[in-house]
Amino acid sequence: EKGGYDHFMLKEIYEQPNVIKDTYRGRLHANKGLIQMAGIEDNLEKFLNADRILIVACGTSWHAGLVAEYIIEEFARIPVEVEYASEFRYRNPIINKNDVVIAISQSGETADTLAAIKLSKEKGAFVFGVCNVVGSSISRETHAGAYTHAGPEIGVASTKAFTTQITVLTMIALRLAKAKGTLSNSDFHRYLQELELIPEKVAEALTTNDKAKEIAAKFKDAPNCLYLGRGYNFPVALEGALKLKEISYIHAEGYPAAEMKHGPIALIDEHMPVVVIAPKQGHYDKVVSNIQEIKSRSGKIIAVVTKGDTQVRELADYVIEIPNTSDALSPLLTTIPLQLLSYHIAVMRGCNVDQPRNLAKSVTVE
Ligand code: M6R
């Protein structure tokens, strides 16, 4: 059942090239310059007339929501707010009829997300679900939606659900951008083509497994770890840190790289591993100066870089190379080595990778 892998988590990490393809199959038509998603086509006017989009979710799905915020605002120029469902539901939020609410949930059973949906419906908003489990409570409770088609995710640590959620949300952003004319035709076509190439690039990113294992061996006994990224890769830093803490029980924090100087920099010394996400297309020069700040305080730098990078390589203690893609799509690739890193660290620490202590796959209680 684990398909020859030691754990479901590793199997699910390796399934990503295929499931991302399953997610866009029949929806992304790069050669025709088309995105077709029934749930969006049927409700296009609601999205186009929306004053704003509110995204509600928990955990890893909330991180996918943060990536989507950056992508939807950049491509479709619609204001987006991302909320923890548990906070949203209890803070008497302002929800209007012209708001579109997107609820993201792998299981489709998360209690807080479900409650946030019910509240949004009571206030008259249109609610769209991005779920993985077909027929789940959230998929039934929402007005419309799009499934991620990742297949069953058994490992408690979410991996393929995250990358397929981002794939769906990117397609939504592109479809809305097309309708609104907020992306040039050439950019729109370029993104479709690049998205189509993502599965093979994820496969290439998976070849960093040995490197991730080698780095894991060096840092498996660290009590703390910091993850830094900027722009589209800031949420990836949060997700990398969540993955490490939930399966290896190492305390980890994700931060936008530039926020480091507002506090966390005080933590850095020669014992602190800092994972920096530094792809070429991002705010590269800014991230390089953040790396210099860490280095001058003797922090240990593990950098995720674009293949062929030389500048970060000179500064970092370890580098993991991923293929090149545009900035907006880079989370689909930068996430991969971070999943592998936390997996190997957890295995080396003798942790129960697929069923970490105190955690359940679906959180059906608030
Ligand atoms: O099923 P959901 O996507 O609604 O679950 C939300 C979170 O409970 C979930 O992502 C959790 O954070 C994972 N264990 C993270 O790996």
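This is a predicted model, so every value here is computed, not measured. Sequence positions are assigned chain by chain, starting from 1 and proceeding in written order. Per-residue local features are limited, in this predicted model, to residues with pLDDT of at least 70; the limit for side-chain atom pairs, both in listing and counting, is 80 or more; totals at the level of whole chains, interfaces and linings are taken over all residues. Computation of side-chain values covers all heavy atoms of the structure but excludes hydrogens and water.

Participant: Outline the overall build of the protein chain, listing residues and values.
Facilitator: Scanning the protein chain for helices and strands turns up 15 helices and 12 strands. Taken over the C-alpha trace, the protein chain has a radius of gyration of 20 Å; the compact-globule value for 366 residues is 21 Å, and the two agree within 12%. Seen through its C-alpha atoms, the protein chain measures out along the principal axes to roughly 55 × 45 × 45 Å. In the protein chain, which comprises 366 residues, the share counted as buried stands at 60%. Long-range pairs, those at least 24 residues apart, make up 75% of the contacts in the protein chain with a sequence separation of at least 6. Only the protein chains shown count as covering a residue, and every accessible area follows the Shrake-Rupley method with a 1.4 Å probe. Put simply, the protein chain shows about 14,500 Å² of open surface, and 47% of that area lies on carbon and sulfur atoms. Once the 40 positive and 44 negative side-chain charges of the protein chain are each reduced to a mean point, those two points are 1 Å apart. Where helices and strands are cited, they refer to DSSP runs of H or I of at least four residues and of E of at least two residues respectively, numbered from the N terminus. Both definitions apply: the radius of gyration is a C-alpha atom measure, and the globule rule equals 2.2 Å times residues to the power 0.38. Relative accessibility thresholds used throughout: buried, under 20% of the residue-type maximum; exposed, over 50%; partly exposed, between the two (1.4 Å probe, protein chains only). Whether two residues are in contact is decided by their heavy atoms, any of which lying within 4.5 Å being enough. Under this rule, positive means Lys or Arg and negative means Asp or Glu; His and the chain ends count for nothing. All charge positions are set by atom: Lys at NZ, Arg at CZ, Asp at CG, Glu at CD.

Participant: Describe in detail the sheet that holds strand β12 (residues 318–322), supporting the description with residues and values.
Facilitator: Any two strands with at least two DSSP-identified bridges between them are counted as paired. Spatially, β9-β8-β10-β11-β12 is the arrangement adopted by the five strands of the open sheet, whose pairing is parallel. Each edge of the open sheet is held by one strand with a lone partner, namely β9 (251–256) and β12. Direction aside, the axes of adjacent strands within the sheet are offset by 20 degrees on average. Across the face of the sheet, helix α12 (residues 234–248) comes into contact with β8 (224–229), β9 and β10 (273–278) while running at roughly 175 degrees to β9. Here the axes come from fitting lines to C-alpha atoms, over the contacting stretch only for helices, and the angles between their N-to-C directions go from 0 to 180 degrees.

Participant: Please give an account of the site of the ligand that cites residues and values.
Facilitator: Lining the immediate environment of the ligand, one finds 15 residues, of which S61, S105, S107, T110 and E246 sit closest. Measuring from an oxygen atom of the ligand, one finds a side-chain N or O atom of E246 at 2.4 Å. If the ligand stood free it would expose 410 Å²; the protein chains cover 90% of that surface. Counting only elements with at least two residues in the shell around the ligand, the list comes to α5 (59–76) and α12. Asp, Glu, Lys and Arg are counted as charged, while Ala, Val, Leu, Ile, Met, Phe, Trp, Tyr, Cys and Pro are counted as nonpolar; the rest, among them Gly, fall into the polar class. Its residues assigned to classes, the shell around the ligand comprises five nonpolar, eight polar and two charged. Residues are classed as near a molecule or strand on a simple rule: at least one heavy atom within 4 Å of it. Definition of a polar contact: a pair of N or O atoms within 3.5 Å, with one able to donate and the other able to accept a hydrogen when the atoms are protein atoms, and with sequence-neighbouring residues admitted only if both atoms are side-chain atoms.

Participant: Break down the pairing of strand β11 (residues 300–306) for me, with residues and values.
Facilitator: Among the seven residues in β11, six count as buried, and that is most of the element. Judged from the six bridges that link them, β10 and β11 form a sheet pairing that is parallel. Within the sheet, the bridge partner assigned to I277 lies in β11 and is V304. Looking down the strands as they point away from you, a crossover is right-handed if its path from the first strand over the helix to the second goes clockwise. Crossover handedness for the path β10 to helix α13 (residues 284–295) to β11: right-handed. Note that β11 and β12 share five bridges and pair parallel. Bridge pairing in β12 places V304 opposite I320.

Participant: Tell me about the packing of aromatic side chains, and please be specific about residues and values.
Facilitator: A pair of Phe, Tyr and Trp rings is counted when the ring centres sit within 6.5 Å of each other, with Trp represented by its six-membered ring. The angle between the planes then sorts it: under 30 degrees is stacked, over 60 is edge-to-face, the rest tilted. Taken as a whole and judged by the stated rule, the model has seven aromatic pairs. Judged by centre distance (5.5 Å) and plane angle (25 degrees), the rings of Y5 and Y14 are stacked. A relative accessible area of 31% places Y5 in the partly exposed class. What makes Y14 partly exposed here is its relative accessible area of 25%. Look at F47 and F126: their rings are 6.1 Å apart centre to centre, the planes differ by 85 degrees, and that puts the pair in the edge-to-face class. Highlighted residues: F47 in helix α4 (residues 44–48) and F126 in strand β6 (residues 126–131), separated in sequence by 79 residues. Each member of the pair, F47 together with F126, is buried. Between R190 and the ring centre of Y191, over which it is positioned, the NZ or CZ distance is 4.8 Å. In this scheme, Lys NZ or Arg CZ marks a charge over a ring once it lies within 6 Å of the ring centre and within 35 degrees of the ring normal. The ring of Y249 carries the charged tip of R357 above its face, separated from the ring centre by 3.8 Å.

Participant: Pulling in residues and values, what's your account of the pairing of strand β7 (residues 144–147)?
Facilitator: Of the two faces of β7, only one is covered, namely that formed by A144 and A146; the face formed by G145 and Y147 stays uncovered. Strand direction decides the pairing type here: β6 and β7, joined by four bridges, are parallel. Considered in β7, the bridge of C131 is made with Y147.

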